[in-house]
Amino acid sequence: TGPDTVSPTGQPTGADQARMAQSGSYLTNAQGTRLYDTDHSLKAGPRGPVLLQDHHLREKVMHFDHERIPERVVHARGAGAHGVFRSYGTAANVTKAAFLAEDVETPVFVRFSTVLGSRGSSDTVRDTRGFATKFYTSEGVFDLVGNNIPVFFIQDAIKFPDIIHAGKPHPDREIPQAQSAHDTFWDFVTLHTEAAHHTLWNMSDRGIPRSYRTMEGFGVHTFRLVNAAGETTLVKFHWKPKLGVHSLVWEEAQIINGVDPDFHRRDLADAIEAGAYPQWEFGIQTFPDTPDQTFEGIDLLDPTNIVPEELAPIQPIGLLTLDRNPSNFFAETEQVAFHVGHLVPGIDITDDPLLAGRLFSYLDTQITRLAGPNFPQIPINRPHAPVNDMLRDGFHQTAVHRGVAPYRPNSLDGGCPFTAGADLGAYVETPVRVPEATKVREAPESFNDHFSQPRRFWLSMSPPEREHIIGAYTFELGKCYEVAIRERALQVLANIDPELCAGVAAGLGLPAPEPTVPLADVEPSPALSQVGHTWPTD
Ligand code: HEM
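Scope of this entry: the structure provided in the associated data block.

Rules and cut-offs
- Residues numbered from 1 in each chain as written.
- Predicted model: local features only at pLDDT ≥ 70, side-chain atom pairs only at ≥ 80, totals over all residues.
- Helix = DSSP H or I, 4+ residues; strand = E, 2+ residues; numbered from the N terminus.
- Rg over C-alpha atoms; globule rule 2.2 N^0.38 Å.
- Buried ≥ 20, exposed ≤ 12 C-beta atoms within 10 Å, placed from the backbone.
- Contact = placed C-beta atoms within 7 Å.
- Core = buried A, V, L, I, M, F, W, Y, C linked by C-beta atoms within 7 Å.
- Pairing = 2+ DSSP bridges.
- Axes fitted to C-alpha atoms, helices over the stretch in contact; angles between N-to-C directions.
- Parallel < 35°, antiparallel > 145°, perpendicular 65-115°, else oblique.
- Left-handed = near helix turned anticlockwise from the far one by under 90°.
- Nonpolar A, V, L, I, M, F, W, Y, C, P; charged D, E, K, R; others polar.
- Expected span 1.5 Å × (residues − 1).

### A closer look at the overall build of the protein
Assigned secondary structure in the protein consists of 13 helices and twelve strands. Taking 538 residues into account, the globule formula puts the C-alpha radius of gyration at 24 Å, and the protein, at 26 Å, falls close to it. Along the three orthogonal principal directions, the C-alpha set of the protein runs to about 80 × 70 × 50 Å. Residues classed as buried in the protein amount to 39% of the 538 residues present. Partitioning the contacts of the protein with sequence separation of at least 6, the portion at a separation of at least 24 is 72%.

In structure tokens, the structure reads:
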């Protein structure tokens, strides 16, 4: 694409727009030739055989035959909305990102999703929710591809295919469709105990949000911000809903699944249509960028860890308002392509090994899902900044590039130079020192504490929230066929908290095991409870 193919709003222009409009009193074929009948095939006589020479029939049916594209390999079911992000400027001391300077307005597109269900599955299942935001900034696209749960199941992306294979329906019967009540899920998360924390969040009320509008969002990984002076700060990103954090109770969720499987999708679209625009405050927790990349003993590169808000308060840095529904689900919500590698100057990555795998995975999967490498040209994915790349040709190329020398510098196309440098607004990787090391396939020692963070979460819950958690584990584990898996799950719970373990064991009619590790000595974090939940500027 060249700058001339992008409208200021990122929407299609000219002929594309006319094609989208589909208005007018007559029909044409795809080549623009006017049709006189679209209801009858060409036949040898009214009751005779249909003729192969019917090019209109062939075009119409051929196009229909290819309407479906592969659904996302995860997060297949989602709902999106357009909006605007207004920054307060309070992050300007830690990042030079232009969209975070004071009072800058940036258009955004947000897609919320469930993780495991297929495109046609129900909304109110127990699952993690995706919360992915595309910021169309003046310096290029920045994607924050987060979830409504601040931690992840695994610490290394090489296990991602495994956890997803375990969480998706069993390969023999293709059940269950979209929830965690099955043997492979529990088999995996009890064999890989780093999953205990995320699983506990899933079994809490956070696993069944009342609405997308009442979910928190988290960037999960620790990122690195860079300011104009080149100073770096480690950071975790947070979205705080202005409506507060609210969940369904399990009985409601189950009934709604039957009565209105589109409940969350409908709720989001109806609210926006009624002018009740959902809002989230964007916030950051900041940590000094020390060589060990830990904070108060917490390894910041381990995505199964949070940093309690009491230890590192969230600083509000901007406000997101969703104010426009998509006009075409397929064009926008289905074709949007988020990627954790879409970064702008002032925001950089860290060495979290889960993030490293994601940097490969999103681009890779989109080549299949969106049929080739040119999906950045799809209107919803177009940057609102000029694009001047050397990427050429490929399936579905829609740009007509000019010139004869697609490389820079060149001395042919009018003598094109290549100007670069951070002072010119270029993205320059932070020169982080990589320690001298030996190549190994192993996790660091600091990734081995799997129970103290889940214990903190449990201790932070109010009595009704604890009751819900015990009920959820009992329900979900009660669906496991293998008793050995239920017993292993109880062992994980015993290592988190005896009361939690005893409650679930009683529900399952099994004995409660003793802990196999000393119970962690941690303080509750009131902000983790939906009852004690606070958000910064209200
Ligand atoms: C999709 C979040 C880990 C691979 C998504 C989406 C979200 C998300 C929100 C949906 C994006 C949309 O709405 O289109 C996360 C978070 C993670 C995580 C918060 C951990 C912190 C991973 C890992 C991998 C991965 C480790 C692979 C190694 C994918 C893929 C898709 C996806 C392949 C489908 C993308 C597409 O088809 O466009 N993820 N994810 N994710 N994720 Fe992740």
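### Examining the nonpolar core
Counting 96 residues, the largest nonpolar core has Phe-142, Tyr-473, Leu-493, Ile-496, Leu-500 and Val-504 as the members making the most contacts within it. A per-element tally of this core places helix H12 (residues 483-496) first, with seven residues. When residues no more than four places from it in sequence are discounted, the contact partners of Tyr-473 are Met-203, Leu-493 and Val-504.

### With respect to the pairing of strand S1 (residues 78-87)
Of all ten residues making up S1, eight are buried, and the element is well covered by its neighbours. Here nine bridges tie S1 to strand S2 (residues 105-114), and the two strands are oriented antiparallel to one another. Bridged to Arg-86 within S2 is Glu-105.

### Points about the packing of helix H5 (residues 196-203) against helix H10 (residues 452-460)
For any two helices packed against each other, one specifies the inter-axial angle together with the distance between the axes. The contact between H5 and H10 brings their axes to 8 Å, and the two run at 20 degrees. By the angle class used here, H5 and H10 are roughly parallel. As for the relative orientation of H5 and H10, their crossing is right-handed in sense. Taken together, the residues of H10 that come into contact with H5 (itself represented by Ala-196, His-197, Leu-200 and Trp-201) are Gln-453, Pro-454, Phe-457 and Trp-458. The class makeup of the residues in the contact of H5 with H10 is six nonpolar, two polar and no charged.

### Re helix H9 (residues 353-369)
Residues three or four positions apart in an α-helix share a direction because the helix packs 3.6 residues into each turn. Here H9 is 17 residues long and its end C-alpha atoms lie 25 Å apart, about the 24 Å a rise of 1.5 Å per residue gives. Listed in full, the buried residues belonging to H9 are Leu-354, Leu-355, Arg-358 and Gln-366. Phi turns positive one or two residues past the end of H9, at Ala-371, with a value near 55 degrees.

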